[in-house]
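Fold and contact review
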Amino acid sequence: MKKIGLLALVLLILVSGMLFSQAQKETEKTYVFAANCAWPPLEFVDENGDIVGFEIDLVNEIAKVNNVNITIRNVAWEGIFAGLANGAYDAVASGVSVTEERKATMDFSTPIMVITQAILTPVANTTISNTASLNNKKVGVQLGTTGHIFLDDFSSKTAGFSVDIRAYDEIGFAIEDMLNGNLDAVVTDSVIASDFVLSNQNYASKLKVSGSASDLGDPEPIAIATLKGNSEVLDLVNNGLKVIEESGKMDELKKKWNIL
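Worth saying up front: this structure is predicted, and the values here are computed from it rather than measured.

How each quantity is defined
- Residues numbered from 1 in each chain as written.
- Predicted model: local features only at pLDDT ≥ 70, side-chain atom pairs only at ≥ 80, totals over all residues.
- Heavy atoms only, no water.
- Phe/Tyr/Trp six-rings, centres within 6.5 Å; stacked < 30°, edge-to-face > 60°.
- Axes fitted to C-alpha atoms, helices over the stretch in contact; angles between N-to-C directions.
- Helix = DSSP H or I, 4+ residues; strand = E, 2+ residues; numbered from the N terminus.
- Parallel < 35°, antiparallel > 145°, perpendicular 65-115°, else oblique.
- Contact = heavy atoms within 4.5 Å.
- Nonpolar A, V, L, I, M, F, W, Y, C, P; charged D, E, K, R; others polar.
- Left-handed = near helix turned anticlockwise from the far one by under 90°.
- Pairing = 2+ DSSP bridges.
- Expected span 1.5 Å × (residues − 1).
- Buried < 20%, exposed > 50% of the residue type's maximum accessible area, 1.4 Å probe, protein only.
- Arc of directions from axis to C-beta.
- Core = buried A, V, L, I, M, F, W, Y, C linked by side-chain atoms within 4.5 Å.
- Salt bridge = Lys/Arg side-chain N within 4 Å of Asp/Glu carboxyl O.

A ring pair, where both rings are aromatic, is described by two values, the distance of the centres and the angle of the planes. Applying the stated rule across the entire model yields 5 aromatic pairs. In this structure an aromatic cluster arises from ring pairing among Trp 39, Trp 77 and Phe 81.

Right under this line is the structure:
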């Protein structure tokens, strides 16, 4: 009798454990966020092959706050929004500027920073300091970014202004081409430009932020993008950002990654 009772107890414990484990698996939510990991200090691949950066840390903190799993997928910028539209991932955390055009198909989180466009040149350059001085120059941009869009639009609408725009898959390729003497300047987000000058030992002695191109467009809020109408993911992100901001973690992460 005691043996039968003991056996029943063991079976009950095993079954309960299995049910509890299954319940845990069912309640664990997993999301996929896309990032173009070629934008230091926001997201990039370090010397160990790991994906790191300010937004990477931020996404991981959002996951922790909401007690969910978030996988970060390294995706090429060209086509990153098409992947969001077709459901390949749940959100894009990749230095995304909030624009009216993008609002038509995407929802955006609370902004995580505000940036402008900046001009990078070799340190020896003394003639380029603003957008007007880019006239008749060869200028590198990253394909499909707001810097690319704004500069192209400015050039087409401004009388007497012409620029040879050369678009690259990654901003780093444009930087290298400039250092090789094939470009006069590079236009990119201010936070990206500052990183190449302030934080990157390979470029600090070779490059400078020679001026602002803020007249190309209004200051740009940067936010995490979700598919329009996906309130579940948007609420998840905004809840995480609220907690991170109120706890002081946001300031801590910005200091860590030299986000000025």
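Picking up where we left off.
It is worth spelling out the packing of helix 8 (residues 231-247) against helix 9 (residues 249-256) at this point. Between helix 8 and helix 9, the least distance of the axes is 4 Å, while the angle of their chain directions is 80°. If you check the angle between helix 8 and helix 9, you find them roughly perpendicular. For the pair helix 8 and helix 9, the contacting residues are Leu 241, Ile 244, Glu 245 and Ser 247 in the first and Lys 249, Met 250 and Asp 251 in the second. In the contact of helix 8 with helix 9, the residues fall into 3 nonpolar, 1 polar and 3 charged.

On to the packing of helix 2 (residues 54-66) against helix 9. In contact at an axis separation of 9 Å, helix 2 and helix 9 are set at 155° when each is read in the N-to-C sense. On the basis of the axis angle, helix 2 is roughly antiparallel to helix 9. Remark: the crossing between helix 2 and helix 9 carries right-handed chirality. On helix 9, the residues touching Phe 54, Asp 57, Leu 58 and Glu 61 of helix 2 are Lys 249, Met 250, Leu 253, Lys 254 and Lys 256. The residue inventory of the contact of helix 2 with helix 9, partitioned by class, reads 4 nonpolar, no polar and 5 charged.

Before going further, it helps to spend a moment on the sheet that holds strand 11 (residues 164-168). Overall, mixed pairing links the 5 strands, which are arranged 11-10-12-9-13 in an open sheet. One side of each edge strand has no neighbouring strand; the edge strands of this open sheet are strand 11 and strand 13 (207-212). Here the average twist between neighbouring strands, direction ignored, is 35°. Along the sheet face, helix 5 (residues 146-157) touches strand 9 (117-122), strand 10 (138-142), strand 11 and strand 12 (185-189) and points at about 140° away from the line of strand 10. Against the sheet, helix 6 (residues 171-179) makes contact with strand 9, strand 10, strand 11, strand 12 and strand 13, and its axis sits at roughly 155° relative to strand 12, the strand it touches most.

We now examine helix 8. Compared with the 24 Å implied by 1.5 Å per residue over 17 residues, the 24 Å span of helix 8 between its first and last C-alpha is a close match. Within helix 8, the full set of buried residues consists of Val 233, Leu 234, Leu 236, Val 237, Gly 240, Leu 241 and Ile 244. Projected onto a plane normal to the axis of helix 8, the buried residues spread over an arc of 160° and lie on a single side.

With 45 residues, the main nonpolar core has Phe 33, Phe 54, Ile 70, Met 113 and Leu 120 as its most contacted residues. Setting aside anything within four residues of it in sequence, one finds Phe 33 in contact with Val 59, Ile 70, Thr 71, Ile 72, Arg 73, Ala 91, Ala 93, Ile 224, Val 233 and Val 237.

A few words now on the pairing of strand 12. For strand 12, a buried count of 5 out of 5 residues is recorded, marking the element as mostly surrounded by other parts of the structure. Two elements, strand 9 and strand 12, share 4 bridges in a ladder whose sense is antiparallel. Across the sheet, Leu 120 pairs through a bridge with Val 186, a residue of strand 12. Inspection of the sheet shows strand 10 paired to strand 12 by 2 bridges, in the parallel sense. From the neighbouring strand, Val 139 faces strand 12, where its bridge partner is Ala 185.

What follows is about the sheet that holds strand 4 (residues 51-52). In a beta sheet, neighbouring strands are held together by backbone hydrogen bonds and run either parallel or antiparallel to one another. Reading across from one edge, 2-3-4 is the order of the 3 strands in this open sheet, with antiparallel pairing throughout. Both outer strands of the open sheet, strand 2 (38-39) and strand 4, are each paired with one neighbouring strand and no more.

Okay, the pattern of salt bridges next. Within this structure, the stated rule accounts for 9 salt bridges. With a shortest N-O distance of 2.9 Å, Glu 246 and Lys 242 are connected by a salt bridge. With Glu 246 and Lys 242 both in helix 8 and 4 residues apart, the pair spans about one turn of that helix. A residue is classified by how much of its surface remains accessible, and Glu 246, at 60% relative accessible area, is exposed. Lys 249 is the salt-bridge partner of Glu 252, the closest N and O atoms lying 3.0 Å from each other. Note that Glu 252 and Lys 249 are positioned in helix 9 at a spacing of 3 residues, about one turn of the helix. Taking the relative accessible area as the measure of exposure, Lys 249 reaches 23% and is therefore partly exposed.

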